[in-house]
Amino acid sequence: MAVELVLRSTRVITPGGTRAASVAVAAGKITAVLAHDAEVPAGARLEDFGDDVLLPGLVDTHVHVNDPGRTEWEGFWTATRAAAAGGITTILDMPLNSLPPTTTVDHLRIKQDVARAKAHVDVGFWGGALPDNVKDLRPLHDAGVYGFKCFLSPSGVEEFPLLDQERLATSLAEITGFGGLLIVHAEDPHHLESAPQNPGPKYADFLASRPRDAENTAIQNLIDQARRLNARVHVLHLSSSDALPLIAAAKAEGVRITVESCPHFLTLTAEEVPDGATEFKCCPPIREAANQDLLWDALADGTIDCVVSDHSPSTADLKTGDFATAWGGISSLQLGLPAIWTEARRRGRTLEDVVRWMSAAPAALAGLDAKGAIEAGRDADFAVLAPDETFTVDPAELHHRNQVTAYAGKTLYGVVKSTWLRGTRIADHGTPTEPTGRLLERQN
């Protein structure tokens, strides 16, 4: 294929490290990573980014788009615009809080039909595992979902009930039988029920209502089930550092478990949350600074595999001043890269680390073999980042539907100059173009 486009930078992040390079693109694919001064083929267009960093487009495997059914909370048009503006080129949509949830093939097709014309980035889908849909899991797998999400505690929406330990075992055995992946909201309901419940505006009261033991117990039970069945499981949005030794030991033993954390757990702390500021509410909760330090250590040593947003927005009116009743979710889809980079650089980590956590590892989790790296044969998905430039978060400049964010007013490092999907620029200086994203289905 004739090369159509060459992207050039003095800093290109590849699987082999960061180097000056020219990246050749044809028919939406990377065909070669060449020397920086390589001759541009006749007929090809050159985009030279100077010293701005060229990195692979980010892959966010934890996004609640809520479309259809709760589109006033978020929708494919707005969510994928926010993703594109933030350097994300692929998202996987969670099976809730849309109506209907993605728990049957018919429901999957409804969601795909809604998303198809609205996607600014590539979009894949998780299925849901409920107490009564074991019969639907294999058909959903065959229809191309990337795995199945379940809750071990109440989800917050009645149409997506939790799995108790017996039903978890049943669903996990079914999923393991066809080689699938179960991704788990791991909080134990008994610990939550016995925790002190003091409604009101005080963040300390809310934090006490979601104790670390709830996560730790649920994760230990999940490890035990995965070990027994030789199942493949993934822990969603880890916030409790107390669970890290359990996870590290399970990995060392050969249990097939992976783990994610999120920008809000890695950049925000309980100590800084003002009373009544429910834009900071999420479940599990943002914990203390000492806990955060241990999460960063676990990222560095590989106990935590990846960092994804858990973008879970709602309308502003649901963010009441009472932490007990406010909707729990952080809106950060557009801000994850600069938020993580700001903290990573402060802690002496590199952009190569950030790319591993936010692009390569999420792509590997979902089996997105065409994503997650700048190398020949992959999709020509890129973000162009000015890592030393700063900006102050203005909610009015965010593209997700309800411009509520815990990052308002924060000054962050890392300005996304442009985002590219299969060799086409899909966002320029924070402004998305027309939608060109595709719907993805699991291929293996």
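Remember, it's a predicted structure, so these values are computed and weren't measured experimentally.

A. How the structure looks around the packing of helix 7 (residues 212-229) against helix 8 (residues 244-253). Following both chains from N to C, one finds helix 7 and helix 8 inclined at 10 degrees, their axes separated by 10 Å at the closest point. By the angle between their directions, the pair helix 7 and helix 8 is classed as roughly parallel. When helix 7 is examined against helix 8, the residues N216, I219, Q220, I223 and R227 are found in contact with a partner set consisting of L246, I247, A250 and E253. Of the residues that constitute the contact of helix 7 with helix 8, the class distribution is 5 nonpolar, 2 polar and 2 charged.

B. Highlighting the pattern of salt bridges. Using the criterion set out here, one finds 33 salt bridges in the structure. Its salt-bridge partner being D164, residue R167 comes within 3.3 Å of it at the nearest N-O pair. We classify D164 as partly exposed; its relative accessible area is 32%. Here D379 and K371 are joined by a salt bridge, their closest N and O atoms 2.8 Å apart. Overall, D379 belongs to the buried group, its relative accessible area being 10%.

C. Geometry of the sheet that holds strand 12 (residues 232-235). Spatially, 9-10-11-12-13-14 is the arrangement adopted by the 6 strands of the open sheet, whose pairing is parallel. Each edge of the sheet is formed by a strand with only one pairing partner; in this case those strands are strand 9 (127-128) and strand 14 (306-307). As paired elements, strand 13 (residues 257-261) and strand 14 share 2 bridges and run parallel to each other. Following the sheet pairing, E260 is matched in strand 14 by C306. Of the strands in this sheet, strand 10 (148-151), strand 11 (181-185) and strand 12 are in contact with helix 4 (residues 165-177), which crosses strand 11 at around 150 degrees.

D. The arrangement of the sheet that holds strand 6 (residues 58-63) in detail. Reading across the sheet, the 3 strands line up as 6-7-8 and stay open at both edges, with parallel pairing between neighbours. Every other strand in the sheet has two partners, leaving strand 6 and strand 8 (122-125) as the edge strands with one partner each. Taking each pair of neighbouring strands and ignoring which way they run, the sheet shows an average axis angle of 20 degrees. Both strand 6 and strand 7 (residues 88-93) contribute to a ladder of 4 bridges, which runs parallel. Paired with V63 across the two strands is D93, which belongs to strand 7.

E. Molecular detail of the side chain of R81. Counting through the fold element by element, R81 comes out in helix 1 (residues 76-85). If we skip the residues at most four places from it in the chain, R81 touches H120, H399, P432 and T433.

F. Molecular detail of the state of the cysteines. Enumeration according to the criterion identifies 0 disulfides in this entry. We note that C283 lacks a disulfide partner, and the nearest cysteine sulfur, in C282, lies 6.8 Å from it. You can see C306 has no disulfide; the closest cysteine sulfur is in C262, sitting 8.9 Å from it.

G. Looking closely at the packing of helix 3 (residues 134-142) against helix 4. Following both chains from N to C, one finds helix 3 and helix 4 inclined at 30 degrees, their axes separated by 10 Å at the closest point. With respect to helix 4, the axis of helix 3 lies roughly parallel. The two elements helix 3 and helix 4 meet at a crossing, and its hand is right-handed. Between helix 3 and helix 4, the contacting residues are V134, L137 and R138 on the first element and T170, S171, E174 and I175 on the second. Of the residues in the contact of helix 3 with helix 4, the class split is 3 nonpolar, 2 polar and 2 charged.

H. Local environment of the environment of A290. Along the polypeptide, A290 turns up in helix 10 (residues 289-301). Spatially, the C-alpha atom of A290 lies 9.1 Å from that of S241, the residues being 49 residues apart in sequence.

How each quantity is defined
Residues numbered from 1 in each chain as written. Predicted model: local features only at pLDDT ≥ 70, side-chain atom pairs only at ≥ 80, totals over all residues. Heavy atoms only, no water. Axes fitted to C-alpha atoms, helices over the stretch in contact; angles between N-to-C directions. Helix = DSSP H or I, 4+ residues; strand = E, 2+ residues; numbered from the N terminus. Parallel < 35°, antiparallel > 145°, perpendicular 65-115°, else oblique. Contact = heavy atoms within 4.5 Å. Nonpolar A, V, L, I, M, F, W, Y, C, P; charged D, E, K, R; others polar. Salt bridge = Lys/Arg side-chain N within 4 Å of Asp/Glu carboxyl O. Buried < 20%, exposed > 50% of the residue type's maximum accessible area, 1.4 Å probe, protein only. Pairing = 2+ DSSP bridges. Disulfide = S-S within 2.5 Å. Left-handed = near helix turned anticlockwise from the far one by under 90°.

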